[in-house]
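Take a look at the letters that make up each chain.
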Amino acid sequence: MRLLIPAVERSQDTRVGAAAWHQEAQAKIQKARQVTERCAQEAVTMWQPKDSMLDPHMAPHLPRAAHIQPWRFCVEMLKGGGTLEKPPPGEGVTLWKSKMKPPVWHARLPLPLNRDALALQTAELVHTHARGARLTAARLAHAQEQINGQLRRLQRQREATDYRLSEVRKGLLINQQSVKLRGYRPKSEKVPDKADSMLTWEKEELKNMKRKMEKDMEKSEAMLKTLATCHDTLAFYCKERLQAVDLMNQPLIKVLGQAGRYSWVNLSRAPTLRIQGEKTPPPDPVGTYTPECAIELYEAKRLLMESKDTLQEMAKNVEDIRERQQQTSDRVCASLAQKMRETSKLKERMNMALGLMRGTIHRCTKFNHEMYITRDLIKGPQSKNYLETREKLDRPLVRVHQRHVGTQLPEAKRLAQSADKLQRHISHLEKNLDGLLAKRKNLAYSLNCKMIGQDLDYDVVRLRLRQRHPHVRYQQAQGLVNDWDPRTSSPAPPLSDRRIPPKPHPRRPSAGPAGTGWALGAETHRPPLP
(Lines give C-alpha, C1' and ligand atoms only; values in the text may rest on other atoms or scores of the structure.)
Protein backbone atom coordinates (compact mmCIF):
# COMPACT_ATOMS: atom_id res chain seq x y z
CA MET A 1 0.00 0.00 0.00
CA ARG A 2 1.35 3.39 -1.03
CA LEU A 3 2.44 5.87 1.65
CA LEU A 4 1.45 9.40 0.90
CA ILE A 5 3.41 12.37 2.25
CA PRO A 6 1.38 15.30 3.12
CA ALA A 7 1.83 18.32 0.97
CA VAL A 8 4.00 21.16 2.27
CA GLU A 9 3.63 24.76 1.47
CA ARG A 10 6.02 25.98 -1.23
CA SER A 11 8.42 28.79 -0.39
CA GLN A 12 11.13 30.73 -2.29
CA ASP A 13 14.12 28.79 -0.75
CA THR A 14 13.73 25.13 -1.53
CA ARG A 15 17.06 24.11 0.08
CA VAL A 16 16.75 22.05 3.13
CA GLY A 17 20.13 22.95 4.62
CA ALA A 18 20.66 26.09 6.46
CA ALA A 19 21.94 29.17 4.64
CA ALA A 20 24.97 29.51 6.88
CA TRP A 21 25.80 25.90 6.20
CA HIS A 22 25.60 26.55 2.44
CA GLN A 23 27.62 29.76 2.64
CA GLU A 24 30.33 28.06 4.59
CA ALA A 25 30.57 25.32 1.98
CA GLN A 26 30.63 27.88 -0.88
CA ALA A 27 33.43 29.82 0.84
CA LYS A 28 35.49 26.67 1.20
CA ILE A 29 34.92 25.85 -2.49
CA GLN A 30 35.93 29.38 -3.53
CA LYS A 31 39.09 29.25 -1.46
CA ALA A 32 39.96 25.85 -2.93
CA ARG A 33 39.48 27.22 -6.47
CA GLN A 34 41.67 30.24 -5.72
CA VAL A 35 44.39 28.06 -4.28
CA THR A 36 44.15 25.76 -7.29
CA GLU A 37 44.42 28.65 -9.79
CA ARG A 38 47.25 30.25 -7.84
CA CYS A 39 49.24 27.03 -7.61
CA ALA A 40 48.63 26.26 -11.26
CA GLN A 41 49.69 29.76 -12.24
CA GLU A 42 52.82 29.59 -10.09
CA ALA A 43 53.71 26.12 -11.39
CA VAL A 44 53.40 27.31 -14.98
CA THR A 45 55.26 30.56 -14.23
CA MET A 46 58.26 28.61 -12.97
CA TRP A 47 58.71 27.07 -16.42
CA GLN A 48 58.00 30.01 -18.73
CA PRO A 49 59.80 33.36 -19.37
CA LYS A 50 58.84 36.51 -17.53
CA ASP A 51 57.59 38.28 -20.64
CA SER A 52 55.02 35.53 -21.37
CA MET A 53 52.66 36.53 -18.55
CA LEU A 54 49.09 36.75 -19.81
CA ASP A 55 47.13 39.93 -19.44
CA PRO A 56 43.84 39.21 -17.64
CA HIS A 57 42.17 42.14 -19.39
CA MET A 58 42.74 40.71 -22.90
CA ALA A 59 41.33 37.73 -24.73
CA PRO A 60 43.53 34.60 -24.34
CA HIS A 61 44.31 34.24 -28.07
CA LEU A 62 45.45 37.85 -28.59
CA PRO A 63 48.46 37.91 -26.19
CA ARG A 64 49.63 34.55 -27.55
CA ALA A 65 49.58 35.79 -31.17
CA ALA A 66 51.39 39.00 -30.17
CA HIS A 67 53.92 36.98 -28.17
CA ILE A 68 54.66 34.52 -31.00
CA GLN A 69 54.87 37.15 -33.78
CA PRO A 70 58.61 38.11 -33.20
CA TRP A 71 59.55 34.43 -33.41
CA ARG A 72 58.46 34.02 -37.04
CA PHE A 73 60.91 34.26 -40.01
CA CYS A 74 61.38 37.59 -41.76
CA VAL A 75 60.68 37.82 -45.48
CA GLU A 76 63.07 39.95 -47.58
CA MET A 77 62.63 40.99 -51.19
CA LEU A 78 65.50 40.25 -53.59
CA LYS A 79 66.57 42.35 -56.58
CA GLY A 80 65.40 39.68 -59.02
CA GLY A 81 61.89 39.79 -57.65
CA GLY A 82 62.10 36.72 -55.42
CA THR A 83 61.79 36.44 -51.67
CA LEU A 84 64.13 35.15 -48.98
CA GLU A 85 63.05 34.00 -45.53
CA LYS A 86 65.58 34.53 -42.74
CA PRO A 87 65.34 33.77 -39.02
CA PRO A 88 65.22 36.77 -36.69
CA PRO A 89 68.53 37.80 -35.12
CA GLY A 90 69.39 36.90 -31.55
CA GLU A 91 69.78 33.76 -29.50
CA GLY A 92 67.29 30.96 -29.67
CA VAL A 93 66.38 27.61 -31.23
CA THR A 94 65.72 27.79 -34.99
CA LEU A 95 62.76 25.60 -36.10
CA TRP A 96 63.16 25.48 -39.86
CA LYS A 97 60.13 23.30 -40.44
CA SER A 98 57.69 25.56 -38.60
CA LYS A 99 59.71 28.66 -39.62
CA MET A 100 59.99 29.97 -36.11
CA LYS A 101 62.83 30.86 -33.72
CA PRO A 102 61.64 30.95 -30.13
CA PRO A 103 63.99 32.50 -27.57
CA VAL A 104 65.99 30.50 -25.12
CA TRP A 105 63.83 29.05 -22.32
CA HIS A 106 65.12 30.09 -18.92
CA ALA A 107 63.95 27.86 -16.08
CA ARG A 108 63.54 29.29 -12.58
CA LEU A 109 63.97 26.04 -10.75
CA PRO A 110 66.90 23.63 -10.85
CA LEU A 111 66.35 20.84 -13.33
CA PRO A 112 67.08 17.17 -12.66
CA LEU A 113 70.33 17.51 -14.66
CA ASN A 114 71.28 20.70 -12.83
CA ARG A 115 74.55 19.22 -11.57
CA ASP A 116 75.59 18.13 -15.06
CA ALA A 117 74.47 21.47 -16.51
CA LEU A 118 76.49 23.36 -13.92
CA ALA A 119 79.51 21.14 -14.64
CA LEU A 120 79.13 21.87 -18.36
CA GLN A 121 78.81 25.59 -17.65
CA THR A 122 81.90 25.47 -15.46
CA ALA A 123 83.83 23.59 -18.16
CA GLU A 124 82.67 26.09 -20.78
CA LEU A 125 83.69 28.95 -18.52
CA VAL A 126 87.09 27.39 -17.91
CA HIS A 127 87.57 26.67 -21.61
CA THR A 128 86.52 30.21 -22.52
CA HIS A 129 88.99 31.62 -20.01
CA ALA A 130 91.71 29.28 -21.28
CA ARG A 131 90.98 30.29 -24.88
CA GLY A 132 91.09 33.96 -23.91
CA ALA A 133 94.30 33.44 -21.94
CA ARG A 134 95.83 31.48 -24.82
CA LEU A 135 94.81 34.16 -27.32
CA THR A 136 96.20 36.93 -25.11
CA ALA A 137 99.39 34.93 -24.56
CA ALA A 138 99.65 34.38 -28.31
CA ARG A 139 99.33 38.11 -28.93
CA LEU A 140 101.92 38.87 -26.26
CA ALA A 141 104.31 36.18 -27.55
CA HIS A 142 103.99 37.36 -31.14
CA ALA A 143 104.52 40.96 -30.07
CA GLN A 144 107.57 39.80 -28.13
CA GLU A 145 108.87 38.02 -31.24
CA GLN A 146 108.40 41.16 -33.36
CA ILE A 147 110.11 43.32 -30.72
CA ASN A 148 112.95 40.78 -30.62
CA GLY A 149 113.34 40.97 -34.40
CA GLN A 150 113.33 44.76 -34.20
CA LEU A 151 116.03 44.52 -31.54
CA ARG A 152 118.21 42.44 -33.87
CA ARG A 153 117.68 44.86 -36.76
CA LEU A 154 118.47 47.82 -34.53
CA GLN A 155 121.61 46.09 -33.27
CA ARG A 156 122.79 45.42 -36.85
CA GLN A 157 122.07 49.03 -37.77
CA ARG A 158 124.02 50.17 -34.72
CA GLU A 159 126.97 48.08 -35.91
CA ALA A 160 126.78 49.75 -39.34
CA THR A 161 126.53 53.18 -37.70
CA ASP A 162 129.44 52.39 -35.39
CA TYR A 163 131.53 51.29 -38.37
CA ARG A 164 130.71 54.50 -40.20
CA LEU A 165 131.57 56.47 -37.03
CA SER A 166 134.94 54.70 -36.87
CA GLU A 167 135.49 55.64 -40.53
CA VAL A 168 134.72 59.27 -39.72
CA ARG A 169 137.13 59.17 -36.78
CA LYS A 170 139.72 57.57 -39.02
CA GLY A 171 139.16 60.41 -41.48
CA LEU A 172 139.86 62.89 -38.68
CA LEU A 173 143.11 61.08 -37.87
CA ILE A 174 144.09 61.06 -41.55
CA ASN A 175 143.32 64.77 -41.71
CA GLN A 176 145.49 65.37 -38.66
CA GLN A 177 148.31 63.33 -40.18
CA SER A 178 147.97 65.23 -43.47
CA VAL A 179 148.29 68.54 -41.62
CA LYS A 180 151.36 67.24 -39.78
CA LEU A 181 153.00 66.10 -43.01
CA ARG A 182 152.32 69.43 -44.71
CA GLY A 183 153.68 71.19 -41.64
CA TYR A 184 157.06 69.59 -42.41
CA ARG A 185 157.41 71.66 -45.60
CA PRO A 186 160.06 74.39 -45.88
CA LYS A 187 159.15 77.84 -44.68
CA SER A 188 158.81 79.24 -48.18
CA GLU A 189 156.19 76.56 -49.03
CA LYS A 190 154.07 77.20 -45.93
CA VAL A 191 152.17 80.06 -47.53
CA PRO A 192 148.45 79.42 -46.81
CA ASP A 193 146.76 78.11 -49.91
CA LYS A 194 143.51 76.47 -50.95
CA ALA A 195 144.84 73.04 -50.00
CA ASP A 196 145.18 74.18 -46.38
CA SER A 197 141.70 75.68 -46.54
CA MET A 198 140.36 72.38 -47.92
CA LEU A 199 141.99 70.46 -45.07
CA THR A 200 140.45 72.84 -42.52
CA TRP A 201 137.07 72.54 -44.23
CA GLU A 202 137.38 68.76 -44.26
CA LYS A 203 138.12 68.76 -40.54
CA GLU A 204 135.01 70.81 -39.78
CA GLU A 205 132.86 68.61 -42.01
CA LEU A 206 134.17 65.45 -40.35
CA LYS A 207 133.50 66.92 -36.91
CA ASN A 208 129.91 67.68 -37.92
CA MET A 209 129.53 64.12 -39.25
CA LYS A 210 130.99 62.74 -36.03
CA ARG A 211 128.54 64.70 -33.88
CA LYS A 212 125.63 63.55 -36.02
CA MET A 213 126.68 59.90 -35.85
CA GLU A 214 127.20 60.14 -32.08
CA LYS A 215 123.67 61.53 -31.71
CA ASP A 216 122.35 58.59 -33.75
CA MET A 217 124.27 56.18 -31.52
CA GLU A 218 122.86 57.78 -28.36
CA LYS A 219 119.33 57.76 -29.78
CA SER A 220 119.62 54.12 -30.87
CA GLU A 221 121.04 53.15 -27.47
CA ALA A 222 118.05 54.70 -25.70
CA MET A 223 115.69 52.98 -28.15
CA LEU A 224 117.54 49.69 -27.61
CA LYS A 225 117.08 49.93 -23.83
CA THR A 226 113.39 50.79 -24.23
CA LEU A 227 112.82 47.86 -26.59
CA ALA A 228 114.66 45.50 -24.23
CA THR A 229 112.47 46.65 -21.32
CA CYS A 230 109.33 46.17 -23.42
CA HIS A 231 110.56 42.72 -24.49
CA ASP A 232 111.09 41.65 -20.87
CA THR A 233 107.69 43.01 -19.81
CA LEU A 234 105.93 41.19 -22.65
CA ALA A 235 107.71 37.96 -21.70
CA PHE A 236 106.61 38.38 -18.07
CA TYR A 237 102.95 39.00 -18.98
CA CYS A 238 102.98 36.13 -21.49
CA LYS A 239 104.31 33.75 -18.86
CA GLU A 240 101.69 35.04 -16.43
CA ARG A 241 98.84 34.47 -18.94
CA LEU A 242 100.07 30.94 -19.68
CA GLN A 243 99.70 29.94 -16.04
CA ALA A 244 96.03 29.16 -16.71
CA VAL A 245 96.86 27.09 -19.81
CA ASP A 246 98.46 23.74 -19.00
CA LEU A 247 97.77 21.84 -22.21
CA MET A 248 97.87 23.43 -25.67
CA ASN A 249 97.11 21.32 -28.71
CA GLN A 250 98.25 23.94 -31.24
CA PRO A 251 100.97 26.57 -31.50
CA LEU A 252 100.31 30.18 -30.56
CA ILE A 253 100.78 31.47 -34.11
CA LYS A 254 97.94 29.18 -35.25
CA VAL A 255 95.73 30.65 -32.56
CA LEU A 256 96.29 34.10 -34.04
CA GLY A 257 95.56 32.78 -37.51
CA GLN A 258 92.26 31.31 -36.37
CA ALA A 259 91.32 34.63 -34.75
CA GLY A 260 91.31 36.25 -38.20
CA ARG A 261 92.82 39.55 -37.06
CA TYR A 262 95.80 40.60 -39.16
CA SER A 263 96.49 43.51 -36.83
CA TRP A 264 97.12 40.95 -34.07
CA VAL A 265 99.57 39.01 -36.24
CA ASN A 266 101.46 42.12 -37.36
CA LEU A 267 101.69 45.03 -34.93
CA SER A 268 102.73 47.45 -37.67
CA ARG A 269 99.46 46.87 -39.55
CA ALA A 270 96.86 49.53 -38.85
CA PRO A 271 93.53 48.16 -37.52
CA THR A 272 90.78 48.13 -40.16
CA LEU A 273 87.42 49.75 -39.58
CA ARG A 274 85.57 46.61 -40.63
CA ILE A 275 86.55 43.75 -38.36
CA GLN A 276 86.50 40.38 -40.12
CA GLY A 277 87.66 38.17 -37.21
CA GLU A 278 87.29 38.26 -33.48
CA LYS A 279 86.79 41.57 -31.74
CA THR A 280 89.34 42.87 -29.31
CA PRO A 281 87.87 42.27 -25.86
CA PRO A 282 87.65 45.23 -23.50
CA PRO A 283 90.34 45.29 -20.80
CA ASP A 284 89.19 43.55 -17.63
CA PRO A 285 91.26 43.67 -14.43
CA VAL A 286 90.12 40.14 -13.47
CA GLY A 287 89.80 38.75 -17.00
CA THR A 288 92.24 37.33 -19.50
CA TYR A 289 92.90 40.66 -21.25
CA THR A 290 94.03 42.87 -18.39
CA PRO A 291 94.64 46.64 -18.69
CA GLU A 292 98.36 45.99 -18.15
CA CYS A 293 98.44 43.69 -21.20
CA ALA A 294 96.52 46.23 -23.27
CA ILE A 295 98.89 49.04 -22.26
CA GLU A 296 101.96 46.90 -22.97
CA LEU A 297 100.65 45.84 -26.39
CA TYR A 298 99.94 49.46 -27.25
CA GLU A 299 103.42 50.42 -26.05
CA ALA A 300 104.95 47.61 -28.13
CA LYS A 301 103.09 48.82 -31.21
CA ARG A 302 104.20 52.41 -30.61
CA LEU A 303 107.83 51.37 -30.05
CA LEU A 304 107.75 49.22 -33.17
CA MET A 305 106.62 52.13 -35.35
CA GLU A 306 109.06 54.53 -33.68
CA SER A 307 111.97 52.10 -34.03
CA LYS A 308 111.15 51.62 -37.74
CA ASP A 309 111.39 55.37 -38.27
CA THR A 310 114.64 55.41 -36.28
CA LEU A 311 116.09 52.59 -38.41
CA GLN A 312 115.19 54.34 -41.64
CA GLU A 313 116.68 57.61 -40.41
CA MET A 314 119.90 55.90 -39.24
CA ALA A 315 120.30 54.03 -42.53
CA LYS A 316 119.74 57.24 -44.48
CA ASN A 317 122.26 59.12 -42.32
CA VAL A 318 124.86 56.37 -42.76
CA GLU A 319 124.51 56.47 -46.54
CA ASP A 320 124.54 60.28 -46.68
CA ILE A 321 127.61 60.51 -44.45
CA ARG A 322 129.42 57.87 -46.48
CA GLU A 323 128.81 59.84 -49.68
CA ARG A 324 129.73 63.15 -48.04
CA GLN A 325 132.94 61.74 -46.59
CA GLN A 326 133.90 60.24 -49.95
CA GLN A 327 133.20 63.51 -51.77
CA THR A 328 135.09 65.52 -49.14
CA SER A 329 138.14 63.25 -49.35
CA ASP A 330 138.06 63.36 -53.15
CA ARG A 331 137.92 67.15 -53.15
CA VAL A 332 140.88 67.39 -50.77
CA CYS A 333 142.91 64.92 -52.87
CA ALA A 334 141.94 66.84 -56.01
CA SER A 335 143.12 70.11 -54.47
CA LEU A 336 146.42 68.51 -53.43
CA ALA A 337 146.84 67.05 -56.92
CA GLN A 338 146.17 70.47 -58.43
CA LYS A 339 148.77 71.94 -56.07
CA MET A 340 151.27 69.29 -57.21
CA ARG A 341 150.58 70.12 -60.87
CA GLU A 342 151.10 73.81 -60.18
CA THR A 343 154.31 73.02 -58.30
CA SER A 344 155.48 70.88 -61.19
CA LYS A 345 154.90 73.76 -63.65
CA LEU A 346 156.81 76.15 -61.40
CA LYS A 347 159.61 73.60 -61.08
CA GLU A 348 159.89 73.34 -64.85
CA ARG A 349 160.05 77.11 -65.20
CA MET A 350 162.61 77.37 -62.39
CA ASN A 351 164.65 74.58 -63.93
CA MET A 352 164.63 76.36 -67.29
CA ALA A 353 165.58 79.67 -65.65
CA LEU A 354 168.29 77.87 -63.70
CA GLY A 355 169.70 76.37 -66.92
CA LEU A 356 169.70 79.74 -68.68
CA MET A 357 171.35 81.31 -65.68
CA ARG A 358 173.97 78.57 -65.58
CA GLY A 359 174.90 79.27 -69.22
CA THR A 360 175.09 83.00 -68.52
CA ILE A 361 177.31 82.39 -65.50
CA HIS A 362 179.62 80.20 -67.56
CA ARG A 363 179.91 82.83 -70.29
CA CYS A 364 180.48 85.60 -67.75
CA THR A 365 183.15 83.57 -65.97
CA LYS A 366 184.90 82.83 -69.25
CA PHE A 367 184.71 86.48 -70.31
CA ASN A 368 186.04 87.55 -66.90
CA HIS A 369 188.99 85.19 -67.27
CA GLU A 370 189.72 86.60 -70.74
CA MET A 371 189.55 90.12 -69.34
CA TYR A 372 192.15 89.21 -66.73
CA ILE A 373 194.44 87.94 -69.52
CA THR A 374 193.87 91.12 -71.53
CA ARG A 375 194.69 93.28 -68.55
CA ASP A 376 197.95 91.42 -67.98
CA LEU A 377 198.84 91.78 -71.65
CA ILE A 378 198.17 95.50 -71.50
CA LYS A 379 200.28 95.99 -68.38
CA GLY A 380 203.28 94.32 -70.08
CA PRO A 381 206.16 92.36 -68.61
CA GLN A 382 207.11 92.91 -64.99
CA SER A 383 210.87 92.01 -65.41
CA LYS A 384 213.65 92.75 -67.88
CA ASN A 385 214.54 89.15 -68.07
CA TYR A 386 211.58 88.48 -70.34
CA LEU A 387 212.50 87.62 -73.91
CA GLU A 388 209.90 89.96 -75.37
CA THR A 389 211.91 93.20 -75.00
CA ARG A 390 209.83 94.99 -77.58
CA GLU A 391 207.20 95.68 -74.94
CA LYS A 392 209.58 97.57 -72.64
CA LEU A 393 209.08 101.33 -72.32
CA ASP A 394 212.87 101.94 -72.35
CA ARG A 395 213.46 100.25 -75.67
CA PRO A 396 216.08 101.94 -77.99
CA LEU A 397 213.49 103.54 -80.26
CA VAL A 398 211.78 105.35 -77.40
CA ARG A 399 215.08 106.22 -75.77
CA VAL A 400 216.41 107.91 -78.93
CA HIS A 401 213.11 109.81 -79.42
CA GLN A 402 213.20 111.20 -75.90
CA ARG A 403 216.62 112.88 -76.30
CA HIS A 404 214.89 116.11 -77.34
CA VAL A 405 212.80 118.31 -75.03
CA GLY A 406 209.02 117.88 -75.13
CA THR A 407 209.13 114.49 -76.68
CA GLN A 408 207.25 112.70 -73.82
CA LEU A 409 205.18 109.88 -75.32
CA PRO A 410 201.50 109.23 -74.07
CA GLU A 411 201.95 105.50 -74.28
CA ALA A 412 202.45 104.92 -70.55
CA LYS A 413 199.52 107.16 -69.66
CA ARG A 414 197.21 105.46 -72.13
CA LEU A 415 198.34 102.02 -71.00
CA ALA A 416 197.59 102.94 -67.40
CA GLN A 417 194.16 104.32 -68.37
CA SER A 418 193.35 101.17 -70.35
CA ALA A 419 194.46 98.92 -67.49
CA ASP A 420 192.37 100.93 -65.02
CA LYS A 421 189.33 100.78 -67.29
CA LEU A 422 189.75 97.06 -67.66
CA GLN A 423 190.05 96.72 -63.88
CA ARG A 424 186.82 98.65 -63.33
CA HIS A 425 185.02 96.51 -65.91
CA ILE A 426 186.40 93.37 -64.30
CA SER A 427 185.17 94.55 -60.88
CA HIS A 428 181.70 95.30 -62.26
CA LEU A 429 181.66 91.94 -64.01
CA GLU A 430 182.64 90.16 -60.80
CA LYS A 431 179.90 92.01 -58.95
CA ASN A 432 177.35 90.90 -61.55
CA LEU A 433 178.75 87.40 -61.40
CA ASP A 434 178.35 87.37 -57.60
CA GLY A 435 174.74 88.53 -58.03
CA LEU A 436 174.15 85.80 -60.60
CA LEU A 437 175.64 83.19 -58.30
CA ALA A 438 173.55 84.42 -55.35
CA LYS A 439 170.40 84.45 -57.46
CA ARG A 440 171.27 81.02 -58.80
CA LYS A 441 171.70 79.73 -55.26
CA ASN A 442 168.38 81.28 -54.20
CA LEU A 443 166.63 79.86 -57.26
CA ALA A 444 168.15 76.43 -56.61
CA TYR A 445 167.00 76.63 -53.00
CA SER A 446 163.50 77.57 -54.13
CA LEU A 447 163.56 74.71 -56.64
CA ASN A 448 164.64 72.32 -53.91
CA CYS A 449 161.86 73.62 -51.65
CA LYS A 450 159.36 73.13 -54.45
CA MET A 451 160.56 69.56 -54.86
CA ILE A 452 160.21 68.92 -51.13
CA GLY A 453 156.71 70.45 -51.11
CA GLN A 454 155.67 68.39 -54.13
CA ASP A 455 157.03 65.20 -52.56
CA LEU A 456 155.21 65.95 -49.31
CA ASP A 457 151.95 66.67 -51.13
CA TYR A 458 152.39 63.42 -53.02
CA ASP A 459 153.05 61.58 -49.75
CA VAL A 460 149.89 63.12 -48.27
CA VAL A 461 147.78 62.02 -51.24
CA ARG A 462 149.32 58.55 -51.19
CA LEU A 463 148.74 58.31 -47.44
CA ARG A 464 145.11 59.38 -47.79
CA LEU A 465 144.43 56.95 -50.62
CA ARG A 466 145.96 54.06 -48.69
CA GLN A 467 144.50 54.79 -45.27
CA ARG A 468 140.93 55.41 -46.38
CA HIS A 469 140.73 51.84 -47.69
CA PRO A 470 138.10 49.82 -45.77
CA HIS A 471 140.70 47.21 -44.78
CA VAL A 472 142.61 49.81 -42.74
CA ARG A 473 141.21 49.90 -39.21
CA TYR A 474 140.87 52.83 -36.87
CA GLN A 475 143.67 51.53 -34.63
CA GLN A 476 146.11 51.43 -37.56
CA ALA A 477 145.27 55.01 -38.53
CA GLN A 478 145.56 56.01 -34.86
CA GLY A 479 149.10 54.64 -34.76
CA LEU A 480 150.07 57.02 -37.59
CA VAL A 481 149.40 60.04 -35.41
CA ASN A 482 150.58 58.66 -32.08
CA ASP A 483 153.82 57.02 -33.24
CA TRP A 484 155.28 59.94 -35.24
CA ASP A 485 155.60 63.65 -34.64
CA PRO A 486 157.57 66.03 -36.93
CA ARG A 487 158.79 67.98 -33.90
CA THR A 488 160.40 64.91 -32.25
CA SER A 489 161.49 62.90 -35.30
CA SER A 490 164.95 63.20 -36.84
CA PRO A 491 164.92 66.10 -39.31
CA ALA A 492 165.92 65.87 -42.93
CA PRO A 493 169.47 66.88 -43.92
CA PRO A 494 169.94 70.65 -44.28
CA LEU A 495 169.31 72.09 -47.71
CA SER A 496 172.76 73.71 -47.85
CA ASP A 497 174.39 70.27 -47.85
CA ARG A 498 172.40 69.13 -50.85
CA ARG A 499 173.81 69.27 -54.31
CA ILE A 500 172.20 71.70 -56.72
CA PRO A 501 170.74 70.55 -58.97
CA PRO A 502 170.11 67.29 -57.10
CA LYS A 503 170.71 63.94 -58.70
CA PRO A 504 167.91 61.39 -58.54
CA HIS A 505 168.81 58.46 -56.32
CA PRO A 506 166.81 55.73 -54.58
CA ARG A 507 165.11 56.75 -51.39
CA ARG A 508 166.40 55.63 -48.07
CA PRO A 509 164.13 54.80 -45.11
CA SER A 510 163.95 57.59 -42.60
CA ALA A 511 162.12 58.46 -39.43
CA GLY A 512 159.08 59.54 -41.40
CA PRO A 513 155.54 58.50 -40.52
CA ALA A 514 154.51 54.90 -40.74
CA GLY A 515 152.51 54.37 -43.89
CA THR A 516 154.66 56.43 -46.25
CA GLY A 517 157.81 54.31 -45.95
CA TRP A 518 159.92 56.98 -47.67
CA ALA A 519 162.20 59.76 -46.50
CA LEU A 520 160.44 63.09 -46.35
CA GLY A 521 161.93 65.90 -48.42
CA ALA A 522 164.59 63.80 -50.19
CA GLU A 523 165.19 64.37 -53.90
CA THR A 524 163.98 61.04 -55.20
CA HIS A 525 161.96 59.37 -57.86
CA ARG A 526 158.28 59.21 -57.02
CA PRO A 527 157.01 55.69 -56.29
CA PRO A 528 153.89 54.51 -58.09
CA LEU A 529 150.47 54.82 -56.49
CA PRO A 530 149.23 51.73 -54.69
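Outline the overall build of the protein chain, listing residues and values.
Scanning the protein chain for helices and strands turns up 10 helices and 2 strands. Listing the helices and strands of the protein chain from first to last along the sequence gives α-α-β-β-α-α-α-α-α-α-α-α. Across the 530 residues that make up the protein chain, the buried fraction comes to 32%. In the protein chain, the proportion of contacts linking residues at least 24 apart, taken out of those at least 6 apart, comes to 74%. Carbon together with sulfur atoms contributes 57% to the accessible area of the protein chain, which is approximately 36700 Å² in total.

Got a sec to walk through the packing of helix α3 (residues 114–182) against helix α4 (residues 194–241)? Specific residues and values, please.
Running from amino to carboxyl end, α3 crosses α4 at an angle of 160°, the nearest separation of the two axes being 7 Å. Here α4 runs roughly antiparallel to α3, going by the angle between their axes. Both α3 and α4 take part in a crossing whose hand is left-handed.

Help me get a handle on the confidence of the model for the protein chain, residues and values and all.
Scored by pLDDT, the protein chain comes out at a mean of 78, with 74% of its residues at no less than 70. Across the protein chain, element-level confidence peaks in α4 with a mean pLDDT of 92 and bottoms out in helix α6 (residues 262–265) with 49. Low pLDDT, under 50, characterises residues 489–530; the predicted model gives this stretch 74 contacts beyond four residues in sequence or across chains.

Run through the pattern of salt bridges, naming residues and quoting values.
Pairing is possible between side chains that carry opposite charge, provided their charged atoms lie close to one another. Applying the stated criterion across every chain yields a total of 22 salt bridges. Between K28 and E24 there is a salt bridge, with the nearest N and O atoms lying 3.7 Å from each other. With K28 and E24 both in helix α1 (residues 19–45), this residue pair falls 4 residues apart, about one helical turn. The residue R424 makes a salt bridge to D420 at a minimum N-O spacing of 2.2 Å. On the criterion of helical spacing, the pair formed by R424 and D420 is a turn pair, its members being 4 residues apart in helix α9 (residues 411–467). Taking relative accessible area as the criterion, D420 reaches 39% and is therefore assigned partly exposed. Salt bridges sharing common partners tie together R182, R185, D193, D196, K339 and D457.

An account of the pairing of strand β1 (residues 74–77) is requested, with residue identities and associated values reported.
The pairing of β1 with strand β2 (residues 83–86) spans 4 bridges and is antiparallel. Bridge pairing in β2 links V75 to E85. Linking β1 back to β2 in an antiparallel pair, the connection comprises 5 residues, with G81 at a positive phi of about 105°.

Outline the packing of aromatic side chains, supporting the account with residue identities and numerical values.
The full count for this structure, using the stated rule, is 2 aromatic pairs. On the numbers, 5.4 Å between centres and 80° between planes, the contact of F73 with W96 is edge-to-face. Of the two residues, F73 is situated in the loop between α2 (61–68) and β1 and W96 in the loop between β2 and α3; the sequence distance between them amounts to 23 residues. Since its relative accessible area comes to 58%, W96 is described here as exposed. A centroid spacing of 5.6 Å and a plane angle of 55° characterise the contact between F236 and Y237, whose relative ring orientation is tilted. A relative accessible area of 17% places Y237 in the buried class.

The rules we used
Residues numbered from 1 in each chain as written. Predicted model: local features only at pLDDT ≥ 70, side-chain atom pairs only at ≥ 80, totals over all residues. Heavy atoms only, no water. Helix = DSSP H or I, 4+ residues; strand = E, 2+ residues; numbered from the N terminus. Buried < 20%, exposed > 50% of the residue type's maximum accessible area, 1.4 Å probe, protein only. Contact = heavy atoms within 4.5 Å. Areas by Shrake-Rupley, 256 points an atom, 1.4 Å probe, with all protein chains shown as cover. Axes fitted to C-alpha atoms, helices over the stretch in contact; angles between N-to-C directions. Parallel < 35°, antiparallel > 145°, perpendicular 65-115°, else oblique. Left-handed = near helix turned anticlockwise from the far one by under 90°. pLDDT = per-residue confidence, 0-100. Salt bridge = Lys/Arg side-chain N within 4 Å of Asp/Glu carboxyl O. Pairing = 2+ DSSP bridges. Phe/Tyr/Trp six-rings, centres within 6.5 Å; stacked < 30°, edge-to-face > 60°.

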